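A structural walkthrough
Single-letter residue listing:
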Amino acid sequence: MSASTPVTHLWLREETKPMEHRAALSPDVCKKLLEHGGFEITVEESKARIFADSEYEAAGCRLVPGDSWRTAPQDAIITGLKELPENDTSALPHTHIMFAHCYKQQGGWKDVLSRFVEGEGLLYDLEFLQDDNGRRVAAFGFYAGFTGSAVGIDAWCHQQLNSGEKYPVIKPYPNEDVLIAETKEKLARIGKMPRIMVMGALGRCGSGAVSYARKAGIPEENIVQWDMAETAKGGPFKEIMEADIFVNCIYLSSKIPPFVTQEQIDNERQLSVIVDVSCDTTNPFNPIPIYNVNTTFDNALLDIQSSNAKPLQLCSIDHLPTMLPRESSNQFAIDLLPTLLQLPTRSSAPVWTRAEKLFHDKVASMATSD
């Protein structure tokens, strides 16, 4: 590579969302990018990230203080996972790669995009980096479903074993084996198995939810798998009320009839736990319109009001894979690597040109949206 060849500068920012331990770039992927050539990688120090700062340093990255991306060189591509720090409305002059959660008219979507407009920056939204077939090049979907299913089963166990007590704080697990063993132990103490229904079972997310239920030892006949064929008739669906646990893993792209209604949950039901992995909480088309707030790892379950005395609790944590931060981050970064290698030619690489066009389309749509 000649000395005049431009270098692509990736700046991995510190995640500031509470309880977020994942990273968009793993040390291994950073090493691969640097060995490929044409990349410079700066990593902000972080005590919360699952990978130690020393792992990035050993891979050849340069370390800088956390939350220093605002003063990064103009050509640095600020790379992260979750939203930027709250209570900051400053202009964004850099190019950012992240999950911005602002392309489906979620709450505050115009505020987010306006910051890019004001700073003349650019957003490459990770959710919309897609291949020629429209499939996302990298996603946490499998581990979102996997951990969502784990939370659902654990919440149900908690209802059986500790009725009336507050659900404990969820902390990250070193690996999935520890998580699975904990679930199996609780199910053994209860002596019966829940019936779990997974919506969107054929997708990445849904397959993860089904996988966890199986690994936890739930019999196949207790795992109800629905996808587009089963939902084609349109909701609401009484079958959801017949399950103990409902895990929603669909990808919402347009308005659909609700899956669940207040009238349903007020009447006779077996259902006592909902995990909304999809988390379309503030989306106007939310198919579970019985709640409108996200839950968190320290307050994971929302008590849903119902005239039925049987408890109904809902989990809507929007970064569930951080329960297994190392495994989920490694898989995501490996999946993202081929697309990252195209960054030096992003002006012509289809994945990146489509993402840039989408950003400009969404900015333009602000003028015509209420």
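This is a predicted model, so every value here is computed, not measured.

Thoughts on the overall build of the protein chain
- A tally of helices and strands in the protein chain yields 11 helices and 12 strands.
- Scaling as 2.2 N^0.38, a compact globule of 370 residues should have a C-alpha radius of gyration of about 21 Å, and the protein chain matches this with 21 Å.
- Taking the principal axes of the C-alpha coordinates as reference, the protein chain spans close to 70 × 50 × 35 Å.
- Expressed as a percentage of its 370 residues, the buried residues of the protein chain come to 54%.
- Put simply, of all contacts in the protein chain between residues at least 6 apart along the chain, 74% involve residues at least 24 apart.
- Approximately 16400 Å² of the protein chain is accessible, and the part contributed by carbon and sulfur atoms is 51%.
- In the protein chain, 35 positive and 49 negative side-chain charges are present, and the distance between their average locations comes to 2 Å.

Some words on the packing of aromatic side chains
- This model, assessed by the stated rule, comprises 13 aromatic pairs.
- Judged by centre distance (6.2 Å) and plane angle (85 degrees), the rings of F51 and Y56 are edge-to-face.
- Judged by relative accessible area, which is 1%, F51 ranks as buried.
- On the basis of an interplanar angle of 90 degrees and a centroid distance of 4.9 Å, the ring pair of F146 and Y212 is categorised as edge-to-face. Placement of F146 in helix α4 (residues 141-161) and of Y212 in helix α6 (residues 204-215) is noted, with a sequence separation of 66 residues between them. Comparing F146 with Y212 shows no difference in burial state: the two are buried.
- The structure contains a cluster of three or more aromatic residues connected by ring pairs, namely F142, Y143, F146 and Y212.
- In this arrangement the basic side chain of R22 is found over the ring face of F140, its NZ or CZ atom lying 4.3 Å from the centre.
- Over the face of the ring belonging to Y251 we find K104, whose NZ or CZ atom lies 4.6 Å from the ring centre.

Description of the pairing of strand β9 (residues 245-248)
- Of the two faces of β9, the one lined by I245 and V247 and the one lined by F246 and N248 are each fully buried.
- Relative to β9, strand β7 (residues 196-199) runs parallel, the two sharing 4 bridges. Residue V198 lies in a different strand from β9, and its bridge partner there is V247.
- In the sheet, β9 pairs with strand β10 (residues 273-276) via 4 bridges, with the strands oriented parallel. Directly across from F246, in β10, lies its bridge partner I274.

Here we look at α6
- Helix length check: α6 (12 residues) gives 16 Å between terminal C-alpha atoms against 16 Å at 1.5 Å per residue, within 8%.
- Those residues of α6 that sit buried are C205, G206, G208, A209, V210, S211, Y212 and A213.
- Positive phi appears at G217, one or two residues downstream of α6, with a value of about 95 degrees.

Quick word on the packing of helix α3 (residues 109-119) against helix α11 (residues 350-365)
- Where α3 meets α11, the axes come as close as 10 Å, and the angle between the chain directions of the two elements is 115 degrees. The handedness of the crossing between α3 and α11 is left-handed. Contacts from W109, L113, F116 and V117 of α3 reach α11 at F359, K362, V363 and S365.

Some words on the sheet that holds strand β3 (residues 62-64)
- Pairing is parallel in the open sheet, where 6 strands are placed in the order β3-β2-β1-β4-β5-β6. The outermost strands of the open sheet, each flanked by one partner alone, are β3 and β6 (122-125). Shown here is a sheet whose adjacent strand axes are inclined to one another by a mean of 25 degrees, direction ignored.
- Sheet topology places strand β1 (residues 8-12) next to strand β4 (residues 77-79); 3 bridges connect them, and they run parallel. Residue W11 lies in a different strand from β4, and its bridge partner there is I78.
- In this fold helix α1 (residues 27-36) packs onto β1 and β2 (39-44), with an angle of close to 150 degrees to the strand it touches most, β2.

Basis of the calculations
- Residues numbered from 1 in each chain as written.
- Predicted model: local features only at pLDDT ≥ 70, side-chain atom pairs only at ≥ 80, totals over all residues.
- Heavy atoms only, no water.
- Helix = DSSP H or I, 4+ residues; strand = E, 2+ residues; numbered from the N terminus.
- Rg over C-alpha atoms; globule rule 2.2 N^0.38 Å.
- Buried < 20%, exposed > 50% of the residue type's maximum accessible area, 1.4 Å probe, protein only.
- Contact = heavy atoms within 4.5 Å.
- Areas by Shrake-Rupley, 256 points an atom, 1.4 Å probe, with all protein chains shown as cover.
- Lys, Arg positive; Asp, Glu negative; His and termini not counted.
- Charge placed at Lys NZ, Arg CZ, Asp CG, Glu CD.
- Phe/Tyr/Trp six-rings, centres within 6.5 Å; stacked < 30°, edge-to-face > 60°.
- Lys NZ or Arg CZ within 6 Å of the ring centre and 35° of its normal.
- Pairing = 2+ DSSP bridges.
- Expected span 1.5 Å × (residues − 1).
- Axes fitted to C-alpha atoms, helices over the stretch in contact; angles between N-to-C directions.
- Left-handed = near helix turned anticlockwise from the far one by under 90°.

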